[in-house]
Amino acid sequence: MLCSVKKSLSRVVSFITALVMIVAISVFPKQTARATSIPDNQLNDMAIEVAFLVNSYRLENGLHPIYVIPYLCDTARVRSRECIEYFDHFRPDGSKFSTIIDTNLIPYAATFENIAAGRSTPEGAMDQWINSEKHRNAILNPDLTHMGIGVAYEPNSDYGYYWTQLFVITDAHFQNEYIPRRYDIIPQTEGDITGDAIVDTFDYLSLADYIYKRSKNIPVYFNEEQLNTADCFRDGLITESDAKVLVRYILGEYDTLPYVF
């Protein structure tokens, strides 16, 4: 009986929340403030997408994939922030980029850095590097073993987006090293934007936030699979109409997604 009551309350809360949201999306807040940052989870997704693209490009050229190390991603992220102030392979204090790596943690034989700026997508940053012989050669170095990717965003800076690739050559292996999959968030079903295999108001809120920020030219990131599952009409556009369809699906008014007239 208690379980049944809890489930009923949960449905009521979901219904009320969804009902409020369907009204909210019809009248977006008339705000003019611009975002001063991008959430860390979105920046992390963008960085891992670059790591995936690096390995894809290496495989296309007959080279083995290389591992990601979270520590190197952390240091690459710091380097991206430093590049906002001083866009160079030297750090703001005048030391070389390599000084950011603690050799007690990463005992490397050699390290390389690629930096890029001004591109708002992982694909754009990769294109910038691949179209430069020096940077392309670094990515295709056959001896590379590990990497870390970082991205920073600062709207009031010269270039907005700043990207860093840190590569190392080492004989060491690390407990938390991994070959990156393409996306950190992978939808499990239609409408599952958050990747938890449940279609609920959290997915709606994520979609509403995405649509609002896009309407205000505020940076926001969905990976390709999220964009696909958010397109509830399969018309190639992510709009307010998709959010309304998602709400009605959550409320049980529609039986399936994508919605077909």
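Within each chain, residues carry numbers counting from 1 in the order of the written sequence. The predicted nature of this model means local features are confined to residues of pLDDT at least 70 and side-chain atom pairs, given and counted, to a pLDDT of 80 or more, with totals for whole chains, interfaces and linings taken over all residues. The side-chain numbers reported here are obtained from all heavy atoms of the structure, hydrogens and water having been left aside.

## Focus on the pattern of salt bridges
Here, a salt bridge means any Lys or Arg side-chain nitrogen found within 4 Å of an Asp or Glu carboxyl oxygen. All told, the structure shown has nine salt bridges when counted by the stated rule. For Arg77, the salt bridge goes to Asp74, with nearest N and O atoms at 3.1 Å. Note that Arg77 and Asp74 are positioned in helix 3 (residues 70-85) at a spacing of three residues, about one turn of the helix. Each residue's exposure class comes from its accessible area (1.4 Å probe, protein chains only) as a fraction of the maximum for that residue type: buried when under 20%, exposed when over 50%, partly exposed otherwise. With relative accessibility at 28%, the residue Arg77 sits in the partly exposed group. Residue Asp74 is classed as partly exposed on the basis of its relative accessible area of 40%. With its nearest N and O atoms 3.8 Å apart, the salt bridge here joins Glu154 to Arg81. Each helix is a run of H or I in the DSSP string that is no shorter than four residues. Each strand is a run of E no shorter than two, and both are numbered from the N terminus.

## Let's talk about the nonpolar core
What makes a nonpolar core is a set of buried Ala, Val, Leu, Ile, Met, Phe, Trp, Tyr and Cys residues whose side-chain atoms join them at distances within 4.5 Å. Core analysis: the biggest nonpolar cluster contains 31 residues, and Val54, Met126, Trp129, Met147 and Trp163 have the highest contact counts within it. Every element with two or more residues in this core is listed here: helix 2 (40-60), helix 4 (122-130), strand 3 (146-153) and strand 4 (161-169). With eight residues, helix 2 is the largest single contributor of residues to this core. Each residue touching Met147, except ones within four places of it in the same chain, is listed here: Ala51, Val54, Asn55, Ile66, Tyr67, Val68, Ile69, Leu72, Leu166, Phe167 and Pro180. The criterion used for residue contact is that any of the two residues' heavy atoms lie within 4.5 Å.

## Describing helix 4
Side chains that are three or four residues apart share a direction in an α-helix, a result of its 3.6 residues per turn. Among the residues of helix 4, those classed as buried are Pro122, Gly124, Ala125, Met126, Trp129 and Ile130. Tucked inside the fold, the buried residues of helix 4 contact helix 2, strand 2 (110-117), helix 5 (133-139) and strand 4.

## Quick look at the packing of aromatic side chains
In this analysis, rings of Phe, Tyr and Trp, with Trp reduced to its six-membered ring, are considered paired at centre separations within 6.5 Å, and the interplanar angle assigns stacked below 30 degrees, edge-to-face beyond 60, and tilted for intermediate values. Summed over all chains, the structure comprises seven aromatic pairs. Consider the rings of Tyr153 and Tyr161, whose centres lie 4.6 Å apart with planes at 45°: the pair is tilted. By the burial criterion, Tyr153 is buried, and Tyr161 matches it. Between Tyr254 and Tyr259, the ring centres sit 4.3 Å apart and the planes meet at 25°, which makes this aromatic pair stacked.

## Regarding the pairing of strand 3
Most of strand 3 is tucked away: eight of the eight residues are buried. Here strand 3 shows a buried face lined by His146, Gly148, Gly150 and Ala152 and a second buried face lined by Met147, Ile149, Val151 and Tyr153. The pairing criterion is simple: DSSP has to find at least two bridges between the two strands. Where strand 1 (residues 67-68) meets strand 3, two bridges bridge the pair, whose relative direction is parallel. Opposite Tyr67, over in strand 3, you have His146 as the bridge partner.

## Comments concerning a negative patch on the surface
Negative charge collects at one region of the surface, where Glu123, Asp127, Glu224 and Glu225 lie side by side. Broken down by secondary-structure element, the contributors of at least two residues to the negative patch are helix 4 and helix 7 (224-230). Looking at where Glu123 falls in the secondary structure, it is placed in helix 4. Exposure remark for Glu123: the relative accessible area of 36% places this residue in the partly exposed category. In this scheme, patches are assembled from residues that exceed 30% relative accessible area and form no salt bridge. Like charges are connected within 9 Å, while nonpolar side chains (Val, Leu, Ile, Met, Phe, Trp, Tyr) are connected within 5 Å. A 1.4 Å probe and the Shrake-Rupley method give the accessible areas. Residues count as covered only by the protein chains that appear here. Charge counting treats Lys and Arg as positive and Asp and Glu as negative, with His and both chain ends excluded. By convention, the charge on Lys lies at NZ, on Arg at CZ, on Asp at CG and on Glu at CD.

## Remarks on the packing of helix 2 against helix 4
Comment: axis = line fitted to C-alpha atoms, over the contacting stretch for helices; angle = value between 0 and 180 degrees taken between N-to-C directions. For the pair helix 2 and helix 4, the least separation of the axes is 9 Å and the interaxial angle reads 45°. In terms of orientation, helix 2 lies oblique with respect to helix 4. Crossing angle aside, the handedness with which helix 2 passes helix 4 is right-handed. Packed against helix 2, whose contacting residues are Met46, Glu49, Val50, Leu53, Val54 and Tyr57, the element helix 4 presents Pro122, Glu123, Met126, Trp129 and Ile130 at the interface. Three residue categories are used. Nonpolar comprises Ala, Val, Leu, Ile, Met, Phe, Trp, Tyr, Cys and Pro, charged comprises Asp, Glu, Lys and Arg, and polar comprises the others, including Gly. Across the contact of helix 2 with helix 4, the residue classes break down as nine nonpolar, no polar and two charged. An angle below 35 degrees is treated as roughly parallel, one above 145 as roughly antiparallel, one from 65 to 115 as roughly perpendicular, and anything else as oblique. A crossing counts as left-handed when the near helix is turned anticlockwise from the far one by less than a right angle, and as right-handed when that turn is clockwise.

## What to know about the sheet that holds strand 2
What the four strands build is an open sheet, ordered 1-3-4-2; its pairing is mixed. Each having just a single partner strand, strand 1 and strand 2 make up the two edges of the open sheet. Sitting on the sheet, helix 3 is in contact with strand 1, strand 2, strand 3 and strand 4, with an inclination near 35° to strand 3.

## Here we look at the confidence of the model for the chain
Looking at any residue, its pLDDT shows the predictor's confidence there, from 0 to 100. Confidence along the chain averages 86 in pLDDT terms, with 86% of residues attaining 70 or more. In the predicted structure, residues 1-16 sits below a pLDDT of 50 and forms two contacts with residues beyond four places in sequence or in another chain. Considering only residues more than four positions removed or in separate chains, one finds that residues 18-35, a stretch of pLDDT under 50, has 29 contacts.

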